[in-house]
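Architecture at a glance
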Amino acid sequence: MRIRLTLLNGPSQGTSFEVPDRGLFRLGADATVDAVLPGDPTVAPAHAAIYYSNGGARLRALLAGAPVWMDEREIEDAALADGARFCVGSTWLSAEYLSDPAVAAPDAPVGDPRALARDALMATTGRLYVVLDAAHGDGVIHLLRAVSHPKQCLYDGWAEEVYGDVAPWIVSVPRGGALMDRLLRDVWGQGWGVFVQSDLPMSKVRKHLRRLNQVELEGQGKALFRWYDPLVLGAMHPTLPHDWLHREVVRAFIVEHGPDAVPRVLTPSA
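Residues numbered from 1 in each chain as written. Predicted model: local features only at pLDDT ≥ 70, side-chain atom pairs only at ≥ 80, totals over all residues. Heavy atoms only, no water.

Here six strands make up an open sheet; going across it, the order is S13-S14-S12-S15-S18-S19 and the pairing antiparallel. Of all strands in the sheet, those with a lone pairing partner are strand S13 (151-153) and strand S19 (262-266), marking the two edges. Adjacent strand axes in the sheet meet at a mean angle of 25° when their direction is disregarded. When strand S12 (residues 127-133) meets strand S14 (residues 168-172), the two strands line up antiparallel, connected through five bridges. Each bridged residue has a counterpart across the sheet, and for Val-130 the counterpart in S14 is Val-171. Helix H4 (residues 178-187) rests against S12, S14, strand S15 (193-198) and strand S18 (250-257) of the sheet, and its axis sits at about 40° to S12. In this fold helix H5 (residues 202-211) packs onto S12, S13, S14, S15 and S18, with an angle of close to 155° to the strand it touches most, S14. (Pairing = 2+ DSSP bridges. Helix = DSSP H or I, 4+ residues; strand = E, 2+ residues; numbered from the N terminus. Axes fitted to C-alpha atoms, helices over the stretch in contact; angles between N-to-C directions. Contact = heavy atoms within 4.5 Å.)

Okay, structure coming up:
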């Protein structure tokens, strides 16, 4: 399934981009994304992404506070149909399928993603944590309640009391134990969170990760940053300042990548 995107307004109106039939295709203002949308100050550096899931294309917003619109409503993640029109910032685009999704070639087979993820996690050194997004629903909530290992919400005070059931949580993960088995069995591939490798204790890692929850958008103030969404982090990692994202705290983020959920290790040099 290949898709052609066409700019419908702005200084580059009529320009087209072809979205490949696999992987992640990012749209934004930064020169490192796949489709640069020029002349629109409301477009974030990495604003939205197109990806493939269950044989279909989907459009996803990458930043809270950086809107994506489709069918006169703001969306976070939605199917991208043939002929769809959508708005990134103030830039409108159309999507045209260049091949029939019903007969699109399947992705190349890969190894068992959970086995690959286990190998990647076991190869890390130091301490291992997972940040889980409770906003994904009861599955994450039940897991968090059942975990006996150290865990803390990434919100503090009244924000934890009010939003704790939809907030990100950090959990300490022993390598090779029952918790890792459960995370790989029930969480990997669901987009529920990311793993974090560090040499530091959880209190210091949590303090650093809390700083990532908000970003400053030029001319638009602060916005919530759902960096713990593996698709968001994987898409935006190349565009973010690594001295801010990693500092001397995070040696690597381990995230699921693409529709096959193969593991991707994001380091400061990646």
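Within H5, burial applies to Met-202, Val-205, Arg-206, His-208 and Leu-209. The buried residues of H5 all sit within an arc of 165° when viewed along its axis, so they share a single face. Among the exposed residues of H5, those pointing more than 90 degrees away from its buried face are Lys-204 and Lys-207. Packed against the buried residues of H5 are S12, S13, S14, S15, helix H7 (242-245) and S18. (Buried < 20%, exposed > 50% of the residue type's maximum accessible area, 1.4 Å probe, protein only. Arc of directions from axis to C-beta.)

One pass over the full model with this rule turns up 14 salt bridges. Where Arg-26 meets Asp-34, a salt bridge forms, and the shortest distance between an N and an O atom there is 3.7 Å. With a shortest N-O distance of 2.5 Å, Arg-206 and Asp-156 are connected by a salt bridge. One end of the pair, Arg-206, is in helix H5; the other, Asp-156, is in the loop between S13 and helix H3 (157-163), and 50 residues separate them in sequence. Residues participating in the shared-partner salt-bridge network are Arg-58, Arg-60, Asp-77, Asp-133, Arg-226 and Asp-229. (Salt bridge = Lys/Arg side-chain N within 4 Å of Asp/Glu carboxyl O.)

Take the packing of aromatic side chains next. Summed over the entire model, instances satisfying the criterion amount to five aromatic pairs. Pairing Trp-227 with Tyr-228 gives two aromatic rings, centres 5.5 Å apart and planes at 80°, and the pair type is edge-to-face. Take Trp-227: its relative accessible area is 0%, and that puts it in the buried class. The class of Tyr-228 is buried, set by a relative accessible area of 5%. Feature note: the residues Trp-227, Tyr-228 and Phe-253 constitute an aromatic cluster, connected by ring pairs. (Phe/Tyr/Trp six-rings, centres within 6.5 Å; stacked < 30°, edge-to-face > 60°.)

None of this, on its own, says anything about what the molecule does.
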